[in-house]
Amino acid sequence: MAKMKLKVGVIGVGAIADERHLPYWHELEAEGRVELIGVCDIRKDRAEEMAAKYGARSVYFDYQKMLRDGQYDIIDVCTQNRFHAPITVAALKAGAHVLVEKPMAMNAAECRAMIKAATSAKRRLMVAQHMRFEAPNEKLKEVIQSGRLGQVYSANATYLRRRGIPGWGKFHLRRESLGGPLIDIGVHVMDLAVWLMGCPKPIAASGKVYRKFGDRDDLCNGDWGEPYPPSEFDVEDYASAYVRFEKDITMTVEVSWAANIAEERSGITILGDKAGISTDPLGLYGYDGRSLTSTRFDWLPNQEGHRMEIRHFTECVEGKLPVRVQPAESLRIQQIIDAIYESSRRNREVPIKAV
Ligand SMILES: NC(=O)c1ccc[n+]([C@@H]2O[C@H](COP(=O)([O-])OP(=O)(O)OC[C@H]3O[C@@H](n4cnc5c(N)ncnc54)[C@H](O)[C@@H]3O)[C@@H](O)[C@H]2O)c1
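Residues numbered from 1 in each chain as written. Predicted model: local features only at pLDDT ≥ 70, side-chain atom pairs only at ≥ 80, totals over all residues. Heavy atoms only, no water.

1. Overview of the overall build of the protein chain
Consideration 1: A count of helical and extended segments in the protein chain gives 11 helices and 15 strands.
Consideration 2: For 355 residues, the compact-globule formula gives about 20 Å, and the C-alpha radius of gyration of the protein chain, at 21 Å, lands near that figure.
Consideration 3: Taken along its principal axes, the extent of the C-alpha atoms in the protein chain is 65 × 55 × 40 Å.
Consideration 4: The buried share of the protein chain, taken over its 355 residues, is 53%.
Consideration 5: Across the protein chain, the fraction of contacts at a sequence separation of at least 24, relative to all contacts at a separation of at least 6, is 72%.
Consideration 6: With 50 positive and 48 negative side-chain charges, the protein chain shows a separation of 6 Å between the mean positions of the two kinds. (Helix = DSSP H or I, 4+ residues; strand = E, 2+ residues; numbered from the N terminus. Rg over C-alpha atoms; globule rule 2.2 N^0.38 Å. Buried < 20%, exposed > 50% of the residue type's maximum accessible area, 1.4 Å probe, protein only. Contact = heavy atoms within 4.5 Å. Lys, Arg positive; Asp, Glu negative; His and termini not counted. Charge placed at Lys NZ, Arg CZ, Asp CG, Glu CD.)

2. What to know about the environment of F83
Consideration 1: Relative to the helices and strands, F83 is located in the loop between β4 (74-77) and α4 (84-93).
Consideration 2: Classification of F83 as partly exposed rests on a relative accessible area of 26%.
Consideration 3: For the pair formed by F83 and M106, sequence separation is 23 residues and the distance between their alpha carbons is 8.7 Å.
Consideration 4: When residues no more than four places from it in sequence are discounted, the contact partners of F83 are V77, T88 and E176.

3. Examining the packing of aromatic side chains
Consideration 1: Per the stated rule, a full pass over the model turns up five aromatic pairs.
Consideration 2: Ring geometry for F233 and W257: centres 6.3 Å apart, planes at 70°, overall edge-to-face. Of this pair, F233 sits in the loop between β8 (202-210) and β9 (238-245) while W257 is found in the loop between β10 (250-256) and β11 (265-272), placing the two residues 24 residues apart along the sequence.
Consideration 3: According to the relative accessible area criterion, F233 is buried, its value standing at 2%.
Consideration 4: The buried category is assigned to W257, whose relative accessible area is 0%.
Consideration 5: Members of the aromatic cluster, each reached through a chain of ring pairs, are W168, F171 and W224.
Consideration 6: Residue placement shows K139 over the ring face of F297; its charged tip is 5.3 Å from the ring centre. (Phe/Tyr/Trp six-rings, centres within 6.5 Å; stacked < 30°, edge-to-face > 60°. Lys NZ or Arg CZ within 6 Å of the ring centre and 35° of its normal.)

4. Regarding the sheet that holds strand β2 (residues 34-40)
Consideration 1: The strand order across the open sheet built from six strands is β3-β2-β1-β4-β5-β6, with neighbouring strands paired in parallel fashion. Both edges of this open sheet fall to β3 (58-60) and β6 (125-128), since each of them pairs with a single strand only. The average angle at which neighbouring strand axes cross in this sheet is 20°, direction not considered.
Consideration 2: Here β4 pairs with strand β5 (residues 97-101) via four bridges, running parallel. (Pairing = 2+ DSSP bridges. Axes fitted to C-alpha atoms, helices over the stretch in contact; angles between N-to-C directions.)

5. Points about the layout of surface pockets
Over the atoms rolls a probe the size of a water molecule, and its path tells where empty space is left.
Consideration 1: What the largest pocket holds in volume is close to 1,300 Å³.
Consideration 2: Lining the largest pocket are 48 residues; nearest its centre among them are A15, I16, K102, W168 and F171.
Consideration 3: Where the lining of the largest pocket is concerned, the elements lending two or more residues are α1 (15-30), α4, α9 (186-196) and β11.
Consideration 4: In terms of residues, the lining of the largest pocket owes the most to one element, α1, which gives four residues. (1 Å grid on protein atoms, 1.4 Å probe; cavity = no way out; pocket = protein on both sides within 12 Å on 5 of 7 lines; lining within 4 Å. Points joined across faces, edges and corners; volume = space filled by probe spheres on them.)

6. Topic: helix α10 (residues 305-317)
Consideration 1: Helix length check: α10 (13 residues) gives 18 Å between terminal C-alpha atoms against 18 Å at 1.5 Å per residue, within 8%.
Consideration 2: Here α10 lies mainly inside the structure; 10 of its 13 residues are buried.
Consideration 3: Of the positions making up α10, those classed as buried are G305, H306, E309, I310, R311, H312, F313, T314, C316 and V317.
Consideration 4: Looking at the packing, one finds that the buried side of α10 touches β1 (6-11), α1, β2, β4, β5 and β6.
Consideration 5: Where α10 begins, the side chain of E304 points an oxygen toward the backbone nitrogen of H306, at a separation of 3.1 Å.
Consideration 6: Just downstream of α10, G319 is the residue with a positive phi angle, here 85°. (Expected span 1.5 Å × (residues − 1). Polar contact = N/O pair within 3.5 Å; in protein donor to acceptor, adjacent residues only side chain to side chain.)

7. Considering the pairing of strand β14 (residues 292-296)
Consideration 1: Pairing of strand β13 (residues 282-287) with β14, which is carried by five bridges, proceeds in the antiparallel orientation. Bridging across to β14, L284 finds its partner in T295.
Consideration 2: Between β13 and the antiparallel strand that follows it, β14, lie four residues; G289 among them carries a positive phi value of about 100°.

8. Some points on the side chain of H188
Consideration 1: With respect to the element layout, H188 can be found in helix α9.
Consideration 2: Not counting residues within four places of it along the chain, the set of residues in contact with H188 comprises K102, Q129, H130 and M131.

9. Some thoughts on the sheet that holds strand β7 (residues 152-160)
Consideration 1: Read from one edge of the open sheet, nine strands run β14-β13-β12-β11-β7-β10-β9-β8-β15, paired in mixed fashion. A single partner strand is all that each edge strand has here, and the edge strands are β14 and β15 (350-351).
Consideration 2: Sitting on the sheet, helix α6 (residues 135-145) is in contact with β7, β11, β12 (275-279) and β13, with an inclination near 170° to β12.
Consideration 3: The sheet strands contacting helix α11 (residues 327-346) are β8, β9 and β15, and the helix crosses β8 at an angle near 50°.

Right, dumping it as structure tokens:
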């Protein structure tokens, strides 16, 4: 008997869908595991172009019509942040399992509604935190789980661009995206650091966000171009924060789309009382009682995170695995983000009531 192929639909076929989602669904289709049934975008030309490029059977300009017309096993949501929650909830109610791009949503209340919809529909929901699927980060997770760090007590999550304000889409608009680098690229490194530490529950956050470049007429955005009318830019372009977790665990965060630094740098450091790990240079750094020890992990496959994440989610829907990025973990990251923005507005630490 022929194996059932999972029916896939992708909603929002902009940059990330074209670069990192549709190619991997196409690859799985070539392997006979899925069928790309529909793509949808409110930009008609774009939807048609992507449907033709990846051989989707149907093309839609309205996601509700798409969900009414087809029986999807998987809906992959790649719109800007504002539509993550409404489309995810609608797709879950229509009976699909949902993979949704990061960040999970615009606030913790939306995340809760998404989790509730997934629970009621008995469907899988996963946020596309692709860094958890990259080989170096999987290696670090394995090392931490082996206990070689001893007691983990603090992390640093950094993602700093000297100049790199996204020059496409709606990233610069608060109503469409909620915020700037904190929710855009900060969500990647915060999720990774918290996951590596074993997902402790956050209890409070303190932070400050700044807008120093994005709304300037003389913005020099490097290779990223001159994207939007500067007066429209109403999110931050730099943020720093301090997050407290249960069990005296802490995390420092620093992110930017634009800052006066020498060059872009990003990475994670996790400190334990026996050893620490770092992504740059990738390795384990400790002490053997007499001297300092450094173990570098140089030999790892070049494994594209989105590719592995899409394959993983397919296997979850096939019933083979639990999702690696649990929705409650993504909700807690959103709670941290919400608390940092609130802390910045109120100039004080904000408590977090974690799930
Ligand atoms: N994981 C990563 O590394 C990564 C990288 C870039 C972007 N992203 C995330 O992916 C999302 C999209 O980013 P992008 O760079 O592709 O942006 P984009 O603007 O290029 O694409 C978004 C697309 O969604 C479409 N859209 C908007 N509202 C819609 C609706 N109601 N129904 C159907 N289509 C709709 C837009 O027309 C656009 O084509 C964002 O949430 C972003 O945070 C993730």
